[in-house]
Amino acid sequence: MTDPAVDALRPGEVPAGLDLARLADHLAQHRPELTGPLRAELIAGGKSNLTYLLRAGEREVVLRRPPLGHVLATAHDMGREFRVISALAPTEVPVPGALLLCTDPDVIGAPFYLMERMPGEVFRTRAQTDPLGDERRRDLAMAMMDTLAALHTVDPAEVGLADFGRPEGYLARQVRRWAGQLDRSRSRDLPGIDELRDLLAATAPEGANAGRIVHGDYRLDNLLASADPVTVHAVLDWEMATLGDPLADLGLLLTYWDVLGGSDTAEGNPVADGLGPRAGFPTGSELIDRYAGRSDVDVGPLHWHVALGCFKLAVICEGIHYRHTLGQTLGEGFDRIGEMVAPLVAHGLTAARER
């Protein structure tokens, strides 16, 4: 995995969240080809699970583990990520090669998995996306949508994921799940967020498209891509993947793209700085048109799904803010995450009230 924002380590320094001695012993037993002195670097940018570049002798692989400290139940399932990238490997959806899953927390302090290091760049900031120019920004956005359409056309049963989730009642469960996550992350007053939760619960649609593989957090900076030529090499961060309604992916993507990407809070913010029309990309409606032309999913009215996306992202941001206040986050940019909660709630309320 290539990411320009990698935290440099002093010689001999071990990043928090890893026990390299225990890890070396485990690899000697289960992946003996990954031998030699181990070195690790925390890959910056991830705001949830922690991602490390691991060097084993001359080989480089990537290790993923849950965040330190406050961890919400089911939100950081390493086995889930490992299973879905393994299943999607033979499809048209680009994913890193899955190398090893370890569910024993005694090895490094938490479950983890290893995957291949892939080429490409994580496009996250204006410093990265501004030099692309209008044509390549547009091509990158359209490649992002083509990849999402490819994911949503995969038959779960054909890749061994028929039991990966419960499509029936998926949207109502999403509201309940994120309401529960909110309750576990509350550390301050959040005006309007309970009203948004109640509106979503009262108006959850049936989900006519249910039963597709849903990524759960699909956005530009969860892709590894190249700009010359424009290529998506891998979709990352599958921790929230399940079987459900693909409109949930679209609603959350539009939340990132138009709500955060079009807000003053986007400037300099690590989550939304390089996204959306504000950063010179096509509009959200153009993205949906591209997706609709390459998918059999009925996009229909998306306002409820955007409202759900706003609620979900507000809860995620509040959870990250909470961990930051406890000193349990690694990397830069966490001090501004909490600022995004209020505008997300406001936009979500507006979307939820649409008819």
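Residues numbered from 1 in each chain as written. Predicted model: local features only at pLDDT ≥ 70, side-chain atom pairs only at ≥ 80, totals over all residues. Heavy atoms only, no water.

### Topic: the pairing of strand E3 (residues 59-65)
Threshold: Whether a residue is buried, partly exposed or exposed follows from its accessible area with a 1.4 Å probe, protein chains only, as a fraction of its type maximum: under 20%, in between, or over 50%, in that order. Helix and strand definitions here come from DSSP, where helices need a minimum of 4 consecutive H or I residues and strands a minimum of 2 consecutive E residues; each element is numbered from the N-terminal end. Between any two strands, pairing holds if DSSP finds at least two bridges.
Among the 7 residues of E3, 5 are classified as buried, and the element is accordingly described as predominantly covered. Sheet analysis places strand E2 (residues 50-56) next to E3, joined by 7 bridges and oriented antiparallel. Counterpart to Thr51 in the pairing with E3 is Arg64. Here E2 hands over to E3 after 2 residues, with Gly57 in that stretch at a positive phi of 65°. Relative to strand E5 (residues 112-116), E3 runs antiparallel, the two being bridged by 4 bridges. Opposite Val62, over in E5, you have Met115 as the bridge partner.

### Section: the confidence of the model for the protein chain
Short version of the rule: Residue-level confidence of the predictor is what pLDDT reports, using numbers from 0 through 100. Residue contacts are defined here by distance: any two heavy atoms, one from each residue, within 4.5 Å place the two residues in contact.
Looking at the protein chain as a whole, its pLDDT mean stands at 87, while 87% of the residues score no less than 70. Contacts of residues 1-12 to residues separated by more than four positions or lying in other chains number 33 contacts, the stretch itself having pLDDT below 50. Note that pLDDT drops below 50 for residues 70-75; the model gives that stretch 15 contacts with residues more than four away or on any other chain.

### Quick look at the environment of Val341
Its location among the elements puts Val341 in helix H10 (residues 341-352). C-alpha separation for the pair Val341 and Ile193, spaced 148 residues apart in sequence, amounts to 9.0 Å. Contacts of Val341, omitting those with residues within four sequence positions, involve Arg188, Leu190, Ala314, Cys317 and Glu318.

### What to know about the packing of helix H6 (residues 193-203) against H10
Note the threshold: Axes, fitted as lines to C-alpha atoms, cover a helix only where it is in contact. Angles between the N-to-C directions of the axes lie from 0 to 180 degrees. For classification, angles of less than 35 degrees are called roughly parallel, those exceeding 145 degrees roughly antiparallel, those between 65 and 115 degrees roughly perpendicular, and all remaining angles oblique. Two helices crossing with the near one rotated counterclockwise from the far one by less than a right angle form a left-handed crossing, whereas a clockwise rotation gives a right-handed crossing. Classification convention: Asp, Glu, Lys, Arg as charged; Ala, Val, Leu, Ile, Met, Phe, Trp, Tyr, Cys, Pro as nonpolar; all other residues, Gly among them, as polar.
For the pair H6 and H10, the least separation of the axes is 9 Å and the interaxial angle reads 30°. What the angle tells us is that H6 and H10 run roughly parallel. In this structure, the crossing between H6 and H10 has a hand that is left-handed. Side by side, H6 and H10 meet where Ile193, Glu195, Leu196 and Leu199 of the first sit next to Val345, Gly348, Leu349 and Ala352 of the second. In terms of residue class, the contact of H6 with H10 is made up of 6 nonpolar, 1 polar and 1 charged.

### Looking at helix H1 (residues 20-30)
So the rule is basically this: What the arc describes is the spread of directions from the helix axis to the C-beta atoms.
Among all positions in H1, only Leu20, Leu23, His26 and Leu27 are buried. Projected down its long axis, H1 shows its buried positions confined to an angular sector of 120°, all on one face. Every exposed residue of H1 that faces more than 90 degrees away from the buried side is listed here: Ala21 and Gln29. Those residues of H1 hidden inside the fold are in contact with strand E1 (38-42), E2, E3, strand E4 (98-102) and E5.

### Notes on the side chain of His321
Mapped onto the secondary structure, His321 falls in helix H9 (residues 303-325). Excluding residues within four positions of it along the chain, His321 makes contact with Ser187, Arg188 and Gly338.

### Structural notes on the packing of aromatic side chains
Rules: Within 6.5 Å between ring centres, the rings of Phe, Tyr and Trp (the latter by its six-membered ring) count as paired, and their orientation is classed by plane angle as stacked under 30 degrees, edge-to-face over 60, tilted in between.
On inspection of all chains with the given rule, the structure shows 2 aromatic pairs. Between the aromatic rings of Phe82 and Tyr113, the centroid separation amounts to 6.0 Å while the plane-to-plane angle is 70°, which identifies the pairing as edge-to-face. Placement of the pair is Phe82 in helix H2 (residues 78-88) and Tyr113 in strand E5, with a sequence separation of 31 residues. Exposure class is identical for Phe82 and Tyr113. Each is buried.

### Some thoughts on H2
Keep this limit in mind: In protein, a polar contact requires one atom able to donate a hydrogen and another able to accept it; more generally it is a pair of N or O atoms within 3.5 Å, and residues adjacent in sequence count only if both atoms are side-chain atoms.
Those residues of H2 lying buried are Met78, Glu81, Phe82, Val84, Ile85, Ala87 and Leu88. Those residues of H2 that are buried lie in contact with E3, E4, E5, helix H4 (133-152) and strand E6 (212-214). Where H2 starts, the residue carrying a side-chain oxygen 3.0 Å from the main-chain nitrogen of Gly79 turns out to be Asp77.

### Here we look at the sheet that holds E5
Strand order in this open sheet of 5 strands is E1-E2-E3-E5-E4, and the pairing throughout is antiparallel. The open sheet terminates on both sides in strands that have one partner only, identified here as E1 and E4. Neighbour-to-neighbour, the strand axes of the sheet open up by a mean angle of 25°, direction not taken into account. In this sheet, E2 lies alongside E1 in antiparallel orientation, the contact comprising 5 bridges. Note on E2: the bridge partner recorded for Leu38 is Ala56. Here H1 sits on the sheet and contacts E1, E2, E3, E4 and E5; the angle it forms with E1, its principal contact strand, is near 120°. Sheet strands touched by H2: E3, E4 and E5. Its angle to E4, the strand with the most contacts, is close to 155°.

### Let's talk about the pattern of salt bridges
Worth spelling out the cut-off: A side-chain nitrogen of Lys or Arg and a carboxyl oxygen of Asp or Glu constitute a salt bridge if their distance falls within 4 Å.
What the rule picks out here adds up to 24 salt bridges. Between Arg353 and Glu195 there is a salt bridge, with its nearest N and O atoms 2.6 Å apart. Of this pair, Arg353 sits in the segment after H10 while Glu195 sits in helix H6, placing them 158 residues apart in sequence. Classification of Glu195 as partly exposed rests on a relative accessible area of 38%. With its nearest N and O atoms 3.0 Å apart, the salt bridge here joins Arg212 to Asp296. Of this pair, Arg212 sits in strand E6 while Asp296 sits in the loop between helix H8 (284-292) and H9; the two residues are 84 residues apart in sequence, bridging distant segments of the chain.

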